[in-house]
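In case you want the letters, here they are:
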Amino acid sequence: MLINPAWVDPQPFEAFQQIVVPNEEPFAANILRIAHRVCMHAGFEQTRQQVEHLGYDVEVTDISEFLKAEAGVT
């Protein structure tokens, strides 16, 4: 589970493996997982590396215009 503890209390999710997104990428916890593939914003490089390290195939796309409206891939 990707989590931004600055925005969400991680305690209710302690039963899950938590991957904390970097402070520089606060919106990076908003991804879309389909089977073993993850879709995410191309600009979240540090988070992408963490997700790939877990063995997921990552598809990236530039959604920077959506991020201006605080939106994400979901």
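Scroll up for the structure.
Residues numbered from 1 in each chain as written. Predicted model: local features only at pLDDT ≥ 70, side-chain atom pairs only at ≥ 80, totals over all residues. Heavy atoms only, no water.

Enquirer: Help me understand the packing of aromatic side chains in this model?
Expert: What characterises a pair of aromatic rings is the spacing of the ring centres plus the angle enclosed by the ring planes. In total, this model carries 1 aromatic pair according to the counting rule given. Centroid distance Trp7 to Phe27: 4.9 Å. Interplanar angle 75 degrees. Geometry classified as edge-to-face. Placement of the pair is Trp7 in the loop between β1 (2–3) and β2 (19–20) and Phe27 in the loop between β2 and β3 (32–34), with a sequence separation of 20 residues. Accessibility expressed as a relative area gives 52% for Trp7, which makes it exposed. (Phe/Tyr/Trp six-rings, centres within 6.5 Å; stacked < 30°, edge-to-face > 60°. Helix = DSSP H or I, 4+ residues; strand = E, 2+ residues; numbered from the N terminus. Buried < 20%, exposed > 50% of the residue type's maximum accessible area, 1.4 Å probe, protein only.)

Enquirer: Even after reading the chapter, I still don't get the side chain of Glu25, so can you show me in this structure?
Expert: If you trace the backbone, Glu25 turns up in the loop between β2 and β3. One buried charge, Glu25, has no salt-bridge partner; the nearest side chain with opposite charge is Arg48, at 8.6 Å. Side-chain polar atoms of Glu25 contact the backbone nitrogen of Gln46, separated by 3.0 Å. In contact with Glu25, other than residues within four places in its own chain, are Gly43, Phe44, Glu45, Gln46 and Thr47. (Lys, Arg positive; Asp, Glu negative; His and termini not counted. Salt bridge = Lys/Arg side-chain N within 4 Å of Asp/Glu carboxyl O. Polar contact = N/O pair within 3.5 Å; in protein donor to acceptor, adjacent residues only side chain to side chain. Contact = heavy atoms within 4.5 Å.)

Enquirer: Any chance you could explain the environment of Thr47 here in plain terms?
Expert: Tracing the sequence through the fold places Thr47 in helix α1 (residues 45–53). With 21 residues separating them along the chain, Thr47 and Pro26 place their C-alpha atoms 9.9 Å apart.

Enquirer: I would appreciate a short explanation of the sheet that holds strand β5 (residues 57–61) in the present structure.
Expert: Strand pairing in a sheet is mediated by backbone hydrogen bonds. Such pairs are either parallel or antiparallel. With mixed pairing, 3 strands are arranged side by side in an open sheet as β3-β4-β5. Edge positions in the sheet fall to β3 and β5, since each of these pairs with one other strand and no more. Mean inter-strand twist for the sheet, computed between neighbouring axes without regard to direction, equals 25 degrees. In this sheet, β5 lies alongside strand β4 (residues 37–41) in parallel orientation, the contact comprising 5 bridges. (Pairing = 2+ DSSP bridges. Axes fitted to C-alpha atoms, helices over the stretch in contact; angles between N-to-C directions.)

Enquirer: What's the story with α1 in this structure? I'm lost.
Expert: Spacing of three or four residues puts side chains on the same side of an α-helix, whose turn is 3.6 residues. Three or more residues of α1 are buried, namely Thr47, Arg48 and Val51. Down the axis of α1, the sector holding all buried residues measures 105 degrees, keeping them to one side. Tucked inside the fold, the buried residues of α1 contact β1, β4 and β5. Residue Gly55 follows α1 closely and has a positive phi angle near 100 degrees. (Arc of directions from axis to C-beta.)

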